[in-house]
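Listed below are the residues making up each chain.
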Amino acid sequence: MEYGYYPGCSLTGSAKKLDQGVRQVCKKLGHNLTEIPDWNCCGALEYGDRNELMSISGENLKKAEGIHKEIVVPCPACYKNLKDADSDKSFNILSPLELLNNENLLKMEQKNDLKGQVFFPYYGCLLMRPEGSAIKNKNIMEDAISTFGGDIDGEKMKDRCCGGNQLFLNKWVTEKLSNLILTKSKGTIVVFCPFCHMAMKTFAEGRKVIYLTDLLLYVMGENKSL
Amino acid sequence: MQTTDHIMELAGHRQEDFSVCMGCKVCASVCTINDLDIDMNPQEFLLKLFMGEEIKADNPLVRYCTSCYRCASACPWQIRIPEVVRAVKESLGIEARFEKAFKKSLDIWGRVYEPFVVIMSAPDLLMGGYIKFLPKWMEYAGFHFPHKVKRIRTSHTLKKGSSSKEGRS
Ligand code: SF4
Ligand code: SF4
């Protein structure tokens, strides 16, 4: 399928790995992603004036008008903002997680399996709530991990807040919240959010932090190790 | 200016949206701030605002709300509390160096150019004990040139009236 693609700022920098992973996985699934021309920042969580935030985010939808109706947005903050800005639902704003389902997971060519390995699928906040902008299948990462033989841990913590957006403001807040999640979960931490990745990476000792795309690419034999 | 009306306008809520708050404190029971062992709850925050009491910069929600939306999604009226908190921050003019740099980057390029944000926030990063994280953060490093967007509508660019007038590329 053809999709418009909104990478968002962090995917051009610190979360480049997620960008590359999403592009690669989509290609494997037979999807074609085309960037929205001249896309701008979505405003993240930095604006106190909702009108201003919606106009910053909404500008991207204007730029996509007449070109794309279905837009893939990997970063959960961008995903929420673009979804909110699309108040009359003229577009279909999708997280790459929403392109996955049990059918296409089963069809993936499996070169490596995850048997005997424990994973903590960690979604964080904005993919899970508020309901109006949340993803529909809130177990898709578990589905992916168990399809390929991995074990799941930390279910109760999967939607707790890591405090990622406080990391550069009050790092003790992020440290405390992340540690709470880390102590109540085991195994490789599988995330889909650049903020969560950074918070987990910063405070997890001796545990791997990966994007779900890394896991899928490993399973399909595109990545040599996890 | 910190009036309840102004804050509601910034947060994009109407008076009626707040008047339905029934003080059930569901928001308080799920608020992430509880995990920080801080005594504060979103319902109290709304009540203060509603009573026209001034909310100060040292209010725990103003300082620490993580925009996790646990409160908003549990609230029977879906009051978007984190957005109200952000509106209060805006009205108080509270912006850390990191937040200023973020917005400045948007004003210059229309996107967040991370190397710029890091350099602008360097004093806080150096003084704040972040250096020890550098080895862990190496995987995030990488150089690319900033990309300048042709059209964006922040209040800054609208005031300047420059980039906003350009047509679609
Ligand atoms: S969004 Fe803010 S006020 Fe609401 S639950 Fe999270 S930390 Fe508490
Ligand atoms: S959950 Fe909603 S209705 Fe209940 S006290 Fe909090 S803001 Fe008010």
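Residues numbered from 1 in each chain as written. Chains lettered and ligands numbered in written order. Predicted model: local features only at pLDDT ≥ 70, side-chain atom pairs only at ≥ 80, totals over all residues. Heavy atoms only, no water.

Along chain B, the regular secondary structure elements total twelve helices and zero strands. Starting at the N terminus and walking to the C terminus, you meet the elements of chain B as α-α-α-α-α-α-α-α-α-α-α-α. Going through the 169 residues of chain B one by one, you find that 47% of them count as buried. When the accessible surface of chain B is summed, it comes to about 8900 Å², and 58% of that surface belongs to carbon and sulfur atoms. (Helix = DSSP H or I, 4+ residues; strand = E, 2+ residues; numbered from the N terminus. Buried < 20%, exposed > 50% of the residue type's maximum accessible area, 1.4 Å probe, protein only. Areas by Shrake-Rupley, 256 points an atom, 1.4 Å probe, with all protein chains shown as cover.)

The subject of this paragraph is the sheet that holds strand β1 (residues 2–5) of chain A. Residue and element names in this part refer to chain A. Within the open sheet, the four strands sit side by side as β2-β1-β3-β4. Their pairing is parallel. On the outer flanks of this sheet lie β2 (32–35) and β4 (92–94), each paired with one strand and no other. Sheet twist, expressed as the mean angle between neighbouring strand axes with direction ignored, is 35°. Pairing geometry for β1 and strand β3 (residues 70–72), over two bridges, is parallel. For glycine 4, the partnering residue across the bridge sits in β3 and is isoleucine 71. Strands in contact with helix α1 (residues 16–28) are β1 and β2; relative to β2, the strand with the most contacts, it is inclined by about 140°. (Pairing = 2+ DSSP bridges. Axes fitted to C-alpha atoms, helices over the stretch in contact; angles between N-to-C directions. Contact = heavy atoms within 4.5 Å.)

Here the structure, examined in full by the defined rule, presents 13 aromatic pairs over all chains. Look at B:Phe143 and B:Phe145: their rings are 5.1 Å apart centre to centre, the planes differ by 85°, and that puts the pair in the edge-to-face class. Given a relative accessible area of 62%, B:Phe143 falls into the exposed group. Seen from the ring of B:Tyr130, A:Lys171 lies directly overhead, with NZ or CZ sitting 5.0 Å from the centre. Sitting above the plane of the A:Tyr47 ring, B:Lys103 keeps its charged end 4.7 Å from the centroid. (Phe/Tyr/Trp six-rings, centres within 6.5 Å; stacked < 30°, edge-to-face > 60°. Lys NZ or Arg CZ within 6 Å of the ring centre and 35° of its normal.)

All right, on to the domain arrangement of chain A then. Residue and element names in this part refer to chain A. Taken domain by domain, chain A comprises domain 1 (2–99) and domain 2 (102–219). On a C-alpha basis, the centroid separation for the pair domain 1 and domain 2 is 21 Å. Each partner contributes residues to the interface: domain 1 has 24 residues there, and domain 2 has 23 residues. Between domain 1 and domain 2, a total of about 2100 Å² is buried, with carbon and sulfur atoms accounting for 77% of that surface. (Domains from an automatic or database assignment. Buried area = accessible area lost by both parts, 1.4 Å probe.)

So, about the packing of helix α1 (residues 4–11) of chain B against helix α7 (residues 81–92) of chain B. Residue and element names in this part refer to chain B. The N-to-C vectors of α1 and α7 enclose an angle of 120°; their axes lie 8 Å apart at closest approach. As the angle between them shows, α1 and α7 are arranged oblique. Considering only the axes of α1 and α7, their crossing is right-handed. Along the contact surface, α1 presents His6, Ile7, Leu10 and Ala11, while α7 presents Glu83, Val84, Ala87, Val88, Glu90 and Ser91. In terms of residue class, the contact of α1 with α7 is made up of six nonpolar, two polar and two charged. (Parallel < 35°, antiparallel > 145°, perpendicular 65-115°, else oblique. Left-handed = near helix turned anticlockwise from the far one by under 90°. Nonpolar A, V, L, I, M, F, W, Y, C, P; charged D, E, K, R; others polar.)

The calculated volume of the largest pocket comes to roughly 1100 Å³. Together, 42 residues line the largest pocket, and A:Ser14, A:Phe168, A:Met198, B:Glu114 and B:Val118 are the ones closest to its centre. Of all elements in the fold, only α3 (76–85) and α7 (194–203) of chain A together with α8 (97–109), α9 (114–120) and α11 (134–137) of chain B reach the threshold of two or more residues within the lining of the largest pocket. There is about 370 Å³ of room inside the second largest pocket. Looking at the second largest pocket, it is lined by 17 residues, and the ones nearest its centre are A:Asp84, A:Pro130, A:Gly132, A:Ser133 and B:Arg80. Breaking the lining of the second largest pocket down by element, the ones donating at least two residues are α2 (50–64) and α3 of chain A together with α6 (70–74) of chain B. Here the element with the most residues in the lining of the second largest pocket is α3(A); it accounts for three residues. (1 Å grid on protein atoms, 1.4 Å probe; cavity = no way out; pocket = protein on both sides within 12 Å on 5 of 7 lines; lining within 4 Å. Points joined across faces, edges and corners; volume = space filled by probe spheres on them.)

For chain B, the assigned domains are domain 1 (4–92) and domain 2 (97–144). Taking only C-alpha atoms into account, the centre of domain 1 of chain B sits 29 Å from that of domain 2 of chain B.

This part is about the interface of chain B and chain A. With 53 residues of chain B in contact, the opposing surface of chain A contributes 56 residues. Of the roughly 5100 Å² buried between chain B and chain A on both sides combined, carbon and sulfur atoms contribute 55%. On the surface where chain B and chain A come into contact, there are seven salt bridges. Two residues, B:Glu139 and A:Lys201, come together in a salt bridge whose shortest N-O distance is 2.8 Å. Counting across the chain B and chain A interface gives 29 residue pairs in polar contact (both at pLDDT 80 or more). Counting residues per element, the side of chain B that touches chain A draws most heavily on α8(B), which supplies five residues. Tallied by class, the residues present in the side of chain B that touches chain A amount to 21 nonpolar, 13 polar and 19 charged. (Salt bridge = Lys/Arg side-chain N within 4 Å of Asp/Glu carboxyl O. Polar contact = N/O pair within 3.5 Å; in protein donor to acceptor, adjacent residues only side chain to side chain.)

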